[in-house]
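Close look at the chain arrangement
Residues per chain are reported as follows:
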Amino acid sequence: MPDIRRGFGVAALTAAAVLGGLAIPATAHADEVAAVQITVCNDSDVSLQFWVKGYNQFDDWDDSPVWRANAHTCATGWNYWWKKNSSVELHYKRGSAGWTWKQEYVPKTGAKTVTFRVS
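First, a word on scope: everything that follows refers to the structure included in this document. (Residues numbered from 1 in each chain as written. Predicted model: local features only at pLDDT ≥ 70, side-chain atom pairs only at ≥ 80, totals over all residues. Heavy atoms only, no water.)

Here we come to the pattern of salt bridges. All told, the structure shown has 3 salt bridges when counted by the stated rule. In this structure, Arg117 and Asp43 form a salt bridge, with 2.8 Å as the shortest nitrogen-oxygen distance. Within this pair, whereas Arg117 is found in strand 9 (residues 113-118), its partner Asp43 is found in the loop between strand 1 (35-42) and strand 2 (48-55), the two being separated by 74 residues in sequence. Residue classification places Arg117 among the partly exposed residues on the basis of a relative accessible area of 47%. A relative accessible area of 29% places Asp43 in the partly exposed class. A salt bridge links Lys83 to Asp59, with the shortest nitrogen-to-oxygen separation between them at 2.9 Å. Separated by 24 residues along the polypeptide, Lys83 in strand 6 (residues 82-83) and Asp59 in the loop between strand 2 and strand 3 (61-63) bring together distant segments of the chain. For Asp59, a relative accessible area of 44% corresponds to the partly exposed category. (Salt bridge = Lys/Arg side-chain N within 4 Å of Asp/Glu carboxyl O. Helix = DSSP H or I, 4+ residues; strand = E, 2+ residues; numbered from the N terminus. Buried < 20%, exposed > 50% of the residue type's maximum accessible area, 1.4 Å probe, protein only.)

Dropping the structure here:
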């Protein structure tokens, strides 16, 4: 009788491991999903801080950490991917000014990044 229970236990654990492995999503890559990284170009004379909020590559509503673009430079939000053919909120502030935001469209494109300008 113990051999039967042990065999059943091993079969149940094997099935759980196989089915559990199927339920874990794989890491998304830009080549596999319709998503891009966002670059923000700062056209002003002062430093710019920015963050993005929108639908990510998993179609989840998400927001990014804050990044900085120095005066007259561009910065890319690395490792954050945003769904193509959708809108995102670009939140930003210049120098010591308060935060503001604008809506930006993320187009369908073959590129891996999309650039927005803040002047």
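We are not done yet, so read on.
Attention shifts here to the pairing of strand 2. Where burial is concerned, most of strand 2 is hidden: 6 out of the 8 residues are buried. One ladder, built from 3 bridges, connects strand 2 with strand 4 (residues 67-69); its direction is antiparallel. Counted as the bridge partner of Phe50 is Trp67 from strand 4. Both strand 2 and strand 7 (residues 86-94) contribute to a ladder of 7 bridges, which runs antiparallel. Counted as the bridge partner of Val52 is Leu90 from strand 7. (Pairing = 2+ DSSP bridges.)

A word on the side chain of Lys93. With respect to the secondary-structure elements, Lys93 resides in strand 7. Nearest to the buried, unbridged Lys93 among oppositely charged side chains is Asp63, at 16 Å. Residues contacting Lys93, with those up to four places away along its chain left out, are Ser47, Leu48, Gln49, Gly98 and Trp99. (Lys, Arg positive; Asp, Glu negative; His and termini not counted. Contact = heavy atoms within 4.5 Å.)

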